[in-house]
Amino acid sequence: MKNFRETLMHVVFFVCALTSIAAVVLICLFLFANGIPAMKEIGLLNFLTGAKWKPGNDIYGILPMILGSIYITAGAVAIGVPVGLLTAIFMAFYCPKKLYGLLKPCTELLAGIPSIVYGFFGMVIIVPCIRTVAALFGADVSGSSILAASILLGIMILPTIIGVSEAALRAVPSAYYEGAVAMGARHERAIFTVMLPAAKSGVLAGIVLGIGRAIGETMAVIMVAGNQPRLTGNMLKGIRTMTANIVLEMGYATGLHREALIATGVVLFVFILIINLTFSVLKRRKQA
């Protein structure tokens, strides 16, 4: 009976693993089967490097959306990674137990807040603050901008970076820290030169997960980014991301327009795949 139960559980686990793989394969087949024909019809170069998105004129260039996603994700990483990593270090090595009991649930609660609520926070707090500060310097802007979306996404990726980085730091054997202190290193030096490098694999995993969350976020970005499909490098100007472009137009798109939006999803999928593959390569090199 025991062997039967073990065999049954092995079968159950195997089926679950196959289900996960099948789901990924089906998603890939759907995206590429519907997106690649659109790329061929529009022209891959025109699609990826075109500066104009005008479905009414059958002009489909997603370069503004690609750059918009890159700008906002880079801004979110620049804001969220230092704050999240330093918070994880504080919680792992400096935080008193009583304060930790309050801080830990608060950081976990950030992960459970719906995107729409973050979007409302950005509209009510972040956007008006940017507009007010810009007015002090004589700039007349709406506040819905790359900067607003970057700040909001920087806050949204904090729980992912903090949770994974703290777990990685706590997983490092205490003998590393004790050995560094025994050799004369101070507390801060032991943490930043010994413990943090030893946990770099887990920390990088947290950063990559945060990047994936940022580049794939939709609703909150729509509410604060301005949603203007244009080429701009001005942090105070509005812009549109790939995810926002799909959500805003998929409801009424037909024909080539709909296929172009699915092709945009293919590009987004490839972006995330490249990020994950890059992380895997870096991880293997460091382990070697």
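Residues numbered from 1 in each chain as written. Predicted model: local features only at pLDDT ≥ 70, side-chain atom pairs only at ≥ 80, totals over all residues. Heavy atoms only, no water.

## Thoughts on unusual backbone geometry
So, step 1. The backbone of Asp58 sits at a positive phi, close to 55°, despite the residue not being glycine.
So, step 2. You can see Asp58 is positioned in the loop between strand 1 (53–54) and strand 2 (59–60).
So, step 3. One non-glycine residue, Asn227, adopts positive backbone phi at about 55°.
So, step 4. Relative to the elements of secondary structure, Asn227 occurs in the loop between helix 11 (219–224) and helix 12 (242–250). (Helix = DSSP H or I, 4+ residues; strand = E, 2+ residues; numbered from the N terminus.)

## Brief notes about the pattern of salt bridges
So, step 1. The full count for this structure, using the stated rule, is four salt bridges.
So, step 2. Here Glu166 ties to Lys104 by a salt bridge, and the two come within 2.9 Å at their closest N and O atoms. On the criterion of sequence distance, the pair formed by Glu166 in helix 7 (residues 158–171) and Lys104 in helix 4 (residues 97–112) is long-range, its members being 62 residues apart.
So, step 3. Overall, Glu166 belongs to the buried group, its relative accessible area being 2%.
So, step 4. For Glu249, the salt bridge goes to Arg240, with nearest N and O atoms at 2.9 Å. The exposure classification of Glu249 matches that of Arg240, with both residues buried.
So, step 5. Members of the salt-bridge network, linked through shared partners, are Lys104, Glu166 and Arg170. (Salt bridge = Lys/Arg side-chain N within 4 Å of Asp/Glu carboxyl O. Buried < 20%, exposed > 50% of the residue type's maximum accessible area, 1.4 Å probe, protein only.)

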